[in-house]
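Breakdown of the fold
Below are the chains, spelled out letter by letter.
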Amino acid sequence: MRAPMPRFSANLGFLWPDRPLIERIKAAAGAGFKAVELHFPYDVSASAVKASCARNDVRLLGINTAIGEGTNGHRGLGAVAGREKEFQALIDQSIAYAREAGGTSVHAMAGLAAEEDRAAGAEAFVGNLKAAARKAAPAGLTILLEPLNAHDMPGYFYTRVEEACEIIDRVGEPNVKLMFDAYHVARAEGDVLTRLKLFYDRIGHVQIAGVPSRAEPDEGEIAYGAVFAALDELGYAGWVGCEYRPRAGTDEGLGWTKALGVAL
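Residues numbered from 1 in each chain as written. Predicted model: local features only at pLDDT ≥ 70, side-chain atom pairs only at ≥ 80, totals over all residues. Heavy atoms only, no water.

1. Re the side chain of R195
Assignment of secondary structure puts R195 in helix α7 (residues 192–198). Under the relative-accessibility criterion, R195 is labelled buried at 16%. A polar contact of 3.0 Å, which involves the side chain of R195, links it to the side chain of E162. When sequence neighbours within four positions are dropped, the list of residues in contact with R195 reads V161, E162, F180, V185, E189 and G190. (Helix = DSSP H or I, 4+ residues; strand = E, 2+ residues; numbered from the N terminus. Buried < 20%, exposed > 50% of the residue type's maximum accessible area, 1.4 Å probe, protein only. Polar contact = N/O pair within 3.5 Å; in protein donor to acceptor, adjacent residues only side chain to side chain. Contact = heavy atoms within 4.5 Å.)

2. Focus on the pairing of strand β7 (residues 176–181)
Counted residue by residue, β7 has 5 buried out of 6 residues, so it is predominantly covered. When strand β6 (residues 142–145) meets β7, the two strands line up parallel, connected through 3 bridges. In the sheet register, I143 faces β7, and the bridge partner there is V176. For the crossover that starts at β6, traverses helix α5 (residues 161–171) and ends in the parallel β7, the hand is right-handed. Sheet topology places β7 next to strand β8 (residues 203–208); 4 bridges connect them, and they run parallel. Each bridged residue has a counterpart across the sheet, and for F180 the counterpart in β8 is V206. (Pairing = 2+ DSSP bridges. Right-handed = clockwise from strand over helix to strand, strands pointing away.)

3. Some words on the environment of A259
One can find A259 in helix α9 (residues 256–259). On the accessibility criterion, A259 (56% relative accessible area) is exposed. Between the C-alpha atom of A259 and that of E219, which follows or precedes it by 40 residues, the distance is 9.8 Å.

4. So, the sheet that holds strand β1 (residues 7–11)
Read across the open sheet, the 9 strands follow the order β3-β2-β1-β9-β8-β7-β6-β5-β4; overall the sheet is parallel. Pairing within the sheet leaves two strands with one partner each, and these edge strands are β3 (59–60) and β4 (62–64).

5. Here's the deal with the pattern of salt bridges
Evaluation of the coordinates by the stated rule reveals 19 salt bridges. With its nearest N and O atoms 3.3 Å apart, the salt bridge here joins E115 to R118. The exposed category is assigned to E115, whose relative accessible area is 62%. Look at R118 and you get partly exposed, because its relative accessible area is 22%. Between E219 and R247 there is a salt bridge, with its nearest N and O atoms 2.8 Å apart. Taken together, the residues span a long stretch of sequence, with E219 in the loop between β8 and α8 (224–234) and R247 in the loop between β9 (239–242) and α9 at a distance of 28 residues. A network of salt bridges, in which partner residues are shared, links D152, D181, R214 and E243. (Salt bridge = Lys/Arg side-chain N within 4 Å of Asp/Glu carboxyl O.)

6. Here's the deal with helix α1 (residues 21–31)
Owing to its 3.6 residues per turn, the α-helix brings residues three or four apart onto one side. Those residues of α1 not exposed but buried are L21, R24, I25, A27 and A28. Axial view of α1: buried residues confined to an arc of 165°, hence all on one face. In this fold, the buried residues of α1 make contact with β1, β2 (35–37) and α2 (46–56). (Arc of directions from axis to C-beta.)

7. Here's the deal with α5
Turning to α5, its buried residues number three or more, namely V161, A164, C165, I167, I168 and V171. Angular distribution of buried residues about the axis of α5 spans 155°; they occupy a single face of the element. Considering only its buried residues, α5 is in contact with α4 (118–136), β6, β7, α6 (182–188) and α7. Residue G172 follows α5 closely and has a positive phi angle near 70°.

8. Here we look at the packing of aromatic side chains
If you walk through the whole model with that rule in mind, you get 10 aromatic pairs. Ring centres of F8 and F228 lie 5.3 Å apart, and the angle between their planes is 75°; this geometry places the pair in the edge-to-face category. Remark: F228 occurs in helix α8 and F8 occurs in strand β1; sequence separation between them is 220 residues. On the accessibility criterion, F8 (0% relative accessible area) is buried. Overall, the relative accessible area of 2% leaves F228 in the buried class. With centroids separated by 6.0 Å and ring planes inclined at 45°, the aromatic side chains of Y156 and Y158 adopt a geometry described as tilted. The exposure class assigned to Y156 is buried, which follows from its relative accessible area of 1%. These aromatic residues form a ring-pair network of at least three members: F8, Y224, F228, Y244 and W256. Of note, R7 hangs over the ring of W239, and the distance from its end group to the ring centre comes to 4.1 Å. If you follow R245 out to its NZ or CZ, it ends over the ring of F14, 4.0 Å from the centre. (Phe/Tyr/Trp six-rings, centres within 6.5 Å; stacked < 30°, edge-to-face > 60°. Lys NZ or Arg CZ within 6 Å of the ring centre and 35° of its normal.)

Next up, the structure:
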């Protein structure tokens, strides 16, 4: 059997945080990454990001929708009932940016929802995502849904992959997929390998980090060698996003690849 060898992308929301975005793209390429993904790149022009990716021979994957006004942090508006028009404006912004920059996906951030608002939030999210998916399809973009654990993001609309998949099923659009972040899955509910296999057909992207530290993936509770082997056995052809907070310098921490027997 061939050794598991996923393709890794650098999440530049967390890696090389001491540098401007364009310099982070260059640093990722210099470290050996062949793809990058971003959080909120909107203060840098899409054309500049596209040019930097081309210059450094890396692919641009996903970006997040912007957080929206009055959301008290990076939470979004997708499942906030009554703010549908604002969310659609954020989706339009993200689709336009991703299209121009050469990206492949947009993470539609759901936002905060009190318990009594969750039913209305779910209805709003389904409607918002149906419209978003139809806008994204002509550009070849995937809309990604990512539940976030309550330790890191208390009050977020959803925390479990089961909840995200229920929304995906209700939306019923082929370009709406699950962002399977192993860190969030482990922190929210555990049993990462079982859920990876159970929901594999919904997955559009995978992310990793050490648990519970969110540092490099060579420490903590998840045996990532087993995760990579499972992805290999499942035939996963996508990218694995390195969305971790380095213990010290980003370059100094890249020894995790050797520890886990993989290469960038």
